[in-house]
Every structure is written in structure tokens, then in C-alpha cells.
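Each chain, letter by letter, is given below.
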Amino acid sequence: MEQQEQQLMKLEGTVEHVIYENADSGYAVFEVDAGGTDVVVAGNVGGVDNGMSVTVYGHMVNHPSYGEQFRAEIIEARLPEDRTAILSYLSSGVLPYIGPSTAKKSWQNSAMIR
């Protein structure tokens, strides 16, 4: 008998906080702000950074130790799309020597150019 595959659920939002990341295996656990609701996402997704806009496909599971999580099977990452996400991304440490203060100044300076 063939088992029917469950249809993947879609979750869109912004990475708010990376809880755990293993650079060698690509496994990560992180929180996504999905329209005002924080969802814990876990899976082999490669690298993720705070402020990154993502679309994740997978399933909700109940981890025996950590509770409800969204088990990621596929992830699509986009560059940050709004002011808050851009500042979060720039402040995350993804770029050397840029922290929250420099990110804010850079944003303000770029706004003058536009």
C-alpha cells in the first residue's frame, strides 16, 4: 500500500532570533515572526541570519523535549524587505564591524540619498 504524502505547509516571515545553528551540518533552530506570531522553525536549512525574510515549507511537529516546532523541509530566503528587517539584518553580525548603531546610521544616510 502506498502512503499518501502530507502536503507541505507554507510559513512566511522574518527571522527574529537564531536559537541554535550548526555550520557543519546546516541544521538550525530559529524563531520566525509570521505576521505577529513567533514560530520556532527547525531543520537542515543552511545558514540563517536575524532579519532575513524567509518562506519555509514543512510540517508542524511536537518535539518531545522542546514542544511544538515547524519542521522545515524547504527554505527560500530573500533579502530583508522593510526598515525593521533591514536594520535587524545589518545589526545581526552578518557584516563585520557593523552593529546596531552603525546599521541605524547607514540606514539614515541611505534615506538621504534616495
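It should be noted that the structure appears before, not after, this text.
Residues numbered from 1 in each chain as written. Predicted model: local features only at pLDDT ≥ 70, side-chain atom pairs only at ≥ 80, totals over all residues. Heavy atoms only, no water.

Right, let's talk about the overall build of the chain for a bit. In terms of regular secondary structure, the chain is built from 2 helices and 5 strands. If you list the helices and strands of the chain from N to C, you get β-β-β-β-β-α-α. Counting across all 114 residues of the chain, residues that qualify as buried make up 30%. When the accessible surface of the chain is summed, it comes to about 7700 Å², and 49% of that surface belongs to carbon and sulfur atoms. (Helix = DSSP H or I, 4+ residues; strand = E, 2+ residues; numbered from the N terminus. Buried < 20%, exposed > 50% of the residue type's maximum accessible area, 1.4 Å probe, protein only. Areas by Shrake-Rupley, 256 points an atom, 1.4 Å probe, with all protein chains shown as cover.)

Within the closed barrel, the 5 strands sit side by side as β1-β2-β3-β5-β4. Their pairing is mixed. Across the sheet, the mean angle separating the axes of adjacent strands is 50 degrees when strand polarity is ignored. The pairing of strand β1 (residues 9–22) with strand β2 (residues 27–34) spans 7 bridges and is classified as antiparallel. Residue Y20 lies in a different strand from β2, and its bridge partner there is V29. (Pairing = 2+ DSSP bridges. Axes fitted to C-alpha atoms, helices over the stretch in contact; angles between N-to-C directions.)

On to the environment of D33. By the secondary structure assignment, D33 is in strand β2. As for D33 and G13, which are separated by 20 residues in sequence, their C-alpha atoms are 5.3 Å apart. Those residues in contact with D33 that lie beyond four places of it in its chain are E12, G13, T14, E16 and D38. Within the structure, D33 has its side chain in polar contact with the backbone nitrogen of G36 (distance 2.7 Å). (Contact = heavy atoms within 4.5 Å. Polar contact = N/O pair within 3.5 Å; in protein donor to acceptor, adjacent residues only side chain to side chain.)

Our next topic: the pairing of strand β5 (residues 67–78). Summarising the sheet, strand β3 (residues 37–44) and β5 pair through 2 bridges and their orientation is parallel. Along β5, the bridge assignment pairs A42 with R71. Relative to β5, strand β4 (residues 53–63) runs antiparallel, the two sharing 11 bridges. Bridge pairing in β5 links V54 to A77.

This part is about the packing of aromatic side chains. Under the defined criterion, the tally for this structure stands at 1 aromatic pair. Measuring from centroid to centroid gives 6.3 Å for Y20 and Y27, while their planes differ by 55 degrees, and the two rings are tilted. Classification of Y27 by relative accessible area gives partly exposed; the value is 25%. (Phe/Tyr/Trp six-rings, centres within 6.5 Å; stacked < 30°, edge-to-face > 60°.)

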